[in-house]
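# Results of the structural survey
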There are 2 protein chains.
Amino acid sequence: MGRTQTFETARVVRAALGVFWRSGYEAASVPALEAATGLNRSSIYHSFGSKRGLFDAAVQAYLDDVVRPRLRPLLADPVAPGAVVDYLTGLRAALVRPGEIQADSGCLLVNASGAPISRDDAVRQTVADYRAELRAALGRGVDARFPGRAESERDRLADLCTSLVVSAFALVRVDPHSAVGSLDSALMLLERPRS
Amino acid sequence: MGRTQTFETARVVRAALGVFWRSGYEAASVPALEAATGLNRSSIYHSFGSKRGLFDAAVQAYLDDVVRPRLRPLLADPVAPGAVVDYLTGLRAALVRPGEIQADSGCLLVNASGAPISRDDAVRQTVADYRAELRAALGRGVDARFPGRAESERDRLADLCTSLVVSAFALVRVDPHSAVGSLDSALMLLERPRS
DNA sequence: TAGTTTGTGTACCGACCGTTTCAGAATGCA
DNA sequence: TGCATTCTGAAACGGTCGGTACACAAACTA
C-alpha cells in the first residue's frame, strides 16, 4: 500500500454539495469547489475524476443526508397518522428559517431540473426518481392519515401534496411567501374533518 | 438623423428569447445569441447594451407574447365559466406536444427562479410578479367557474391551481409525465359536481 | 451632393473555464 | 531502510466567456 487519503471523503462531498446547491452545477466553478472542500484541483480530479463526478457524489449525499432523513418517518411501519403533517410542517419551518440553505437555495434537484444539466439523461432520471420517491413517501403518509378513504382519493391527495412540495421548492428563491403558501395549501388538504 | 435600423427589433428579441428559454441566462452564450438573431455582437451591444439588456427584453417578450395571450381569456369581463379549464387544457396540450418549446424547456421564469440569475433582485421581483399575475388570472377563472362558492374556498382553489401549474413547469424537462399529472390534478379540482 | 448620424463587421481585450501533466512530498508495507 | 503507492501542489493547456475599440458602410437631413 501507499499513502492513505488524508481528507474525509464524506466531509469533502458535503462541502461540494453546498456549492452545487447554492450555485447550480454549471455556475459552480472548480476554484469555488477547491475553496469549499479545502482540496486542490489535483486531488479533486484524482478522487472524483471530473467536476461531474463530484457533482454525482454530491447528489447522492443530498439524497442520503438531506432528503431521506426527512422522509424517514414516512417510511416507518406503521406510519404515524401525523407523519405527513409533520413532514410538511418541518419543511415549512426550514423554508422560513433565515440562513437555512433550503430557504435561500431551494432544492438541488428541482433547481437542476430547469438548468442545462437537465439535458443529461442520467440527471433527468435522477430527478424523476427523486420525485417518485417523494410521491411514494407522501402516499404512505396520506394512507396513514386517512385510512378510511378510498384509494383513488388518497392517490389524488398524495399527487397534490407532491406537486405542492415541488412548487414550493421551485419558487422559494424568488418568492418565499408563496412557497410557504404552497405548503400551507397542502396542510389544509390534510386537515381532518372536525369530529 | 442618420441611418435607420435595418432589423426588426421584435423579431430579434423573439429569437433571443428562444435561446434564453432553452439554455437559461447563464448558459446562453453571446455567439449563440448572434447566431439566433442574425446580429453581430456589435449590433447587439449597440441596441441592448449588454447580454443582460437583451435578456430583459426577452423576458418582456415572453410575458407579452407567450404568457399573457394564454391568460387573456381569464382576464375578459365577464370570464367564461370554462376559461380556467380551457387554460389548463391548452397548457397541458402544449406540454405534451413534441418539439414544442414549452414541452422541452418549461417556463423561462420558473427556470430562472432556480438559476444563479435569481440572485438578482430585479429578476426575483419579475418572477414573483409573474406568479402573482398567474394567480390573479386563475383566481378570476375559478370565481367564474364556481360563483356560488365561498370566497375562501375559491381562493384556496386558485392557490392550488397556481401551485400545480408552477410544479408542472418545474418538472416538464425531466418528467413530462408527472408534469401533465399536476395539470390533471388541477383539472380534477375544477370538475363540477354532477347535476 | 455634403455632412452628420447611426448601424455593422473585424479584431482583440483580459478573465475565467474545466482539465491535464508532472514532479515531488507523504505515508503505507516488507 | 527501501520500495511502492498514493496524495498533493504548481503550472500550464486550449478554449470560451462577456465586453470593447475602431474603422467603415449605410442612409437620413439639409
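Our subject is the structure listed above.
These numbers were taken from a predicted model, which means no experiment stands behind them.

### A few points about the overall build of chain A
When its secondary structure is counted, chain A shows ten helices and zero strands. In sequence order, chain A lays out its α and β elements as α-α-α-α-α-α-α-α-α-α. Overall, chain A is about 65 × 40 × 30 Å in size when its C-alpha atoms are taken along their principal axes. Taken across its 195 residues, chain A has 51% of its residues classed as buried. In chain A, the share of contacts with a sequence separation of at least 24, taken over all contacts with a separation of at least 6, comes to 66%. Taken as a whole, chain A presents about 8,900 Å² of accessible surface, with 52% of it coming from carbon and sulfur. Averaging the positions of the 24 positive and the 22 negative side-chain charges in chain A gives two centres separated by 3 Å.

### Some thoughts on the pattern of salt bridges
All names here are of chain B. For the structure shown, the criterion picks out 24 salt bridges over all chains. The salt bridge involving Asp184 is made with Arg92; its shortest N-O contact spans 2.6 Å. Here the residue Asp184 occupies a position in helix H10 (residues 176-189), and Arg92 occupies one in helix H5 (residues 83-96), the gap between them amounting to 92 residues. The exposure class of Asp184 is partly exposed, given its relative accessible area of 27%.

### Section: the protein's contact with DNA strand D
The immediate surroundings of DNA strand D are formed by 22 residues, with A:Thr6, A:His46, B:Arg41, B:Tyr45 and B:Lys51 found nearest. The sugar-phosphate portion of DNA strand D accounts for 59% of its atoms within 4 Å of the protein, the bases making up the rest. B:Val30 places a polar main-chain atom, nitrogen or oxygen, 2.9 Å from a phosphate oxygen of DNA strand D. Counting residues per element, the ones that place at least two in the surface near DNA strand D are helix H3 (41-48) of chain A together with helix H2 (30-37) and helix H3 (41-48) of chain B. Here the surface near DNA strand D gets four residues from one element, more than from any other, and that element is H3(A). For the surface near DNA strand D, a count of residues per class yields six nonpolar, eleven polar and five charged.

### Examining the packing of H2(B) against H3(B)
All names here are of chain B. In the contact formed by H2 and H3, the axes pass within 9 Å of each other and the chain directions differ by 90°. As the angle between them shows, H2 and H3 are arranged roughly perpendicular. For the pair H2 and H3, contact is made by Val30, Pro31, Leu33, Glu34 and Thr37 and by Arg41, Ile44 and Tyr45, respectively. Considered class by class, the residues forming the contact of H2 with H3 number five nonpolar, one polar and two charged.

### What about the side chain of A:Arg173?
Position of A:Arg173 among the secondary structure elements: in the loop between helix H9 (151-171) and helix H10 (176-189). Buried charge without a partner: A:Arg173 forms no salt bridge, and the closest opposite charge is A:Asp104, 6.7 Å away. Polar contacts involving the side chain of A:Arg173 include one to the main-chain carbonyl oxygen of A:Trp21, which spans 3.4 Å. Separated by 3.5 Å, the side chain of A:Arg173 and the backbone oxygen of B:Gly114 make a polar contact.

### Here's the deal with the interface of chain B and chain A
With 33 residues of chain B at the interface, the matching set in chain A holds 33 residues. Carbon and sulfur atoms make up 59% of the area that chain B and chain A hide from each other, which totals about 2,900 Å². When the buried surface of chain B facing chain A is broken down by residue, B:Arg119, B:Arg173 and B:Val174 rank first, second and third, together holding 20% of it. Inspection of the chain B/chain A interface yields zero salt bridges.

### Some words on the state of the cysteines
The tally for this structure, following the rule as stated, stands at zero disulfides over all chains. Unpaired in this structure, A:Cys161 has its nearest cysteine sulfur neighbour in B:Cys161, at a distance of 15 Å. Judged by its relative accessible area of 0%, B:Cys161 falls in the buried class.

### Description of the protein's contact with DNA strand C
In the vicinity of DNA strand C there are 22 residues, among which A:Arg41, A:Tyr45, A:Lys51, B:Thr6 and B:His46 approach most closely. Of all atoms in DNA strand C that approach within 4 Å of the protein, 59% are sugar or phosphate atoms. One of the side-chain N or O atoms of B:Ser43 is found 3.4 Å from a phosphate oxygen in DNA strand C. Those elements giving two or more residues to the surface near DNA strand C turn out to be helix H2 (30-37) and H3 of chain A together with H3 of chain B. By residue number, the principal contributor to the surface near DNA strand C is H3(B), which donates four residues.

### With respect to H3(B)
Residue B:Asn40 occupies the N-cap position of H3(B), its side-chain oxygen lying 2.9 Å from the main-chain nitrogen of B:Ser42. B:Gly49, located one to two residues past H3(B), shows a positive phi value of around 85°.

### Quick word on the relation of the copies chain B and chain A
At an RMSD of 0.1 Å, chain B and chain A line up after a rotation of 180° and a shift of 0.0 Å along the axis. One copy is carried onto the other by what is essentially a two-fold rotation axis. The C-alpha atom lying nearest the rotation axis in chain B is that of B:Ser167; the distance is 2.2 Å.

What counts, and where the lines are drawn
- Residues numbered from 1 in each chain as written.
- Chains lettered and ligands numbered in written order.
- Predicted model: local features only at pLDDT ≥ 70, side-chain atom pairs only at ≥ 80, totals over all residues.
- Heavy atoms only, no water.
- Helix = DSSP H or I, 4+ residues; strand = E, 2+ residues; numbered from the N terminus.
- Buried < 20%, exposed > 50% of the residue type's maximum accessible area, 1.4 Å probe, protein only.
- Contact = heavy atoms within 4.5 Å.
- Areas by Shrake-Rupley, 256 points an atom, 1.4 Å probe, with all protein chains shown as cover.
- Lys, Arg positive; Asp, Glu negative; His and termini not counted.
- Charge placed at Lys NZ, Arg CZ, Asp CG, Glu CD.
- Salt bridge = Lys/Arg side-chain N within 4 Å of Asp/Glu carboxyl O.
- Near = heavy atom within 4 Å.
- Polar contact = N/O pair within 3.5 Å; in protein donor to acceptor, adjacent residues only side chain to side chain.
- Nonpolar A, V, L, I, M, F, W, Y, C, P; charged D, E, K, R; others polar.
- Axes fitted to C-alpha atoms, helices over the stretch in contact; angles between N-to-C directions.
- Parallel < 35°, antiparallel > 145°, perpendicular 65-115°, else oblique.
- Buried area = accessible area lost by both parts, 1.4 Å probe.
- Disulfide = S-S within 2.5 Å.
- Least-squares fit on C-alpha atoms with pLDDT ≥ 70 in both.

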